[in-house]
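Descriptive analysis of the structure
This is what each chain is made of:
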Amino acid sequence: MHRSVQRHRQRLTRVLVGAAAVPAMLVASGCSSDSGDGSGDDAKKESAASASSSPTEAGAVVKEAAYAKLPEPCKVFSSKTLKELVPEGTKSDKEGESDDIATRGNCSWDSLDNNGVDGSQFRWLNVSLLRFESSETRGTGEKLASEYYAKHAEDARSVEGAKNTKSEPVSGTGNEATLVTYDLKKQEGTFRQQTLVTRVENVVVTVDYNGAGLAGDESPKAADLTKAAQKAAKEAVQAVVTANGGGAGDGAGSGGGTPDRSAGASAGASASASKASGKGSSIGKDTGGSASPSKSDAEKN
């Protein structure tokens, strides 16, 4: 009896010792996987370092805006183009004021062909230029310009009092372009408005052109005004490209030109349209709610 109890105790002891050895082996195995040359800890540290450094690097590297200059707005069009669009007003250029000539410019011309009792033909031409700089907080100049282009084209389609409004995309003028046409009835007569908004890289160009037959004269054909506005817009886009060192024809398509990244600005300023012509683009004005083109203004927002 005594020997039987003793043998039972010995077997129980061996079972308990064996059971205790299992977690010990697991612990030892776990320790060995984390030990050695410390590659597991190093990998975790490298991953954490990479994750923490990526946002900083992404925020610090912003693509430089393609164009650093604007052409003088009153010299955007050739004398030939002005003669075609504003035949009696080639020397009537009016350059408005600007709070930052490096990023915005505007110039307008008006023409009145007075035929006495036979009536008169009125034309008004306006070009506005708005350049956006890249910002670490808001994105590239091209992105900001594209956003403003879309908003400005939508605004052109929503002019109060406009009749027969039509909008269509235009190819072969900058990176993207939209033509908006409508009729605007004034006391002097009905003005046929053409607003062509286009973006070339980080610059938004708007050409406003309208005409009216006054004192009983016939209204100009919308198709003729549209053709003239498209020609003017292409010329304005090319002026932007040329001002930045690009060659002839570089701004006609979607690629833009090769810019001269040297600093400097020869931009013009903003101006309001004459009341008789029908209000055109406000792109050259600081309207408060619109996107701000300059880097300093972007930082404020």
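As the structure is a prediction and not an experimental result, all values here were calculated from the model.

Turning next to the pattern of salt bridges. All told, the structure shown has ten salt bridges when counted by the stated rule. Note that Arg192 and Asp183 form a salt bridge whose closest N and O atoms lie 3.9 Å from each other. Asp183 sits in the buried class, given a relative accessible area of 18%.

For the structure shown, the criterion picks out one disulfide. Shown here is the disulfide that connects Cys74 with Cys107, its sulfur atoms set 2.0 Å apart. Taking the sign of the S-S torsion, about 95° here, the bridge from Cys74 to Cys107 comes out right-handed. Placement of Cys74 in the loop between helix H2 (39–60) and helix H3 (79–85) and of Cys107 in strand E2 (residues 104–114) is noted, with a sequence separation of 33 residues between them.

Most of strand E3 (residues 120–131) sits out of view: twelve of its twelve residues are buried. Burial of the side chains of E3 extends over both faces: Ser120, Phe122, Trp124, Asn126, Ser128 and Leu130 are buried on one face and Gln121, Arg123, Leu125, Val127, Leu129 and Arg131 on the other. Hairpin connection, E2 to E3: the antiparallel pair is bridged by five residues, and Gly116 has positive phi, about 65°. In this sheet, strand E7 (residues 203–214) lies alongside E3 in antiparallel orientation, the contact comprising twelve bridges.

Tracing the sequence through the fold places Ser111 in strand E2. Take Ser111: its relative accessible area is 2%, and that puts it in the buried class. At a separation of 2.9 Å, a polar atom in the side chain of Ser111 contacts the main-chain amide nitrogen of Glu88. With residues near it in sequence (within four places) discarded, Ser111 still touches Val86, Pro87, Glu88, Gly89, Gln121, Phe122 and Arg123.

About the criteria used
For every chain, the first residue of its written sequence is number 1, and the numbers climb from 1 along that sequence. Totals for whole chains, interfaces and linings use every residue, but because this is a predicted model, local features are given only for residues with pLDDT of at least 70 and side-chain atom pairs only at 80 or more, for both listing and counting. Excluding hydrogens and water, the side-chain values take into account all heavy atoms of the structure. Salt bridges are defined by distance alone: a side-chain nitrogen of Lys or Arg within 4 Å of a carboxyl oxygen of Asp or Glu. Burial status follows relative accessibility: with a 1.4 Å probe on protein chains alone, a residue under 20% of its type maximum counts as buried, one over 50% as exposed, and anything between as partly exposed. Working definition: a disulfide is two cysteine sulfur atoms within 2.5 Å of each other. In this text, helices come from DSSP runs of H or I with a minimum length of four residues, and strands from runs of E with a minimum of two, each type numbered from the N-terminal end. Any two strands with at least two DSSP-identified bridges between them are counted as paired. By the criterion applied in these results, polar contacts are pairs of N or O atoms within 3.5 Å in which, for protein atoms, one can donate a hydrogen and the other can accept it, and in which residues neighboring in sequence qualify only through two side-chain atoms. Contacts: residue pairs with any heavy atoms within 4.5 Å of one another.

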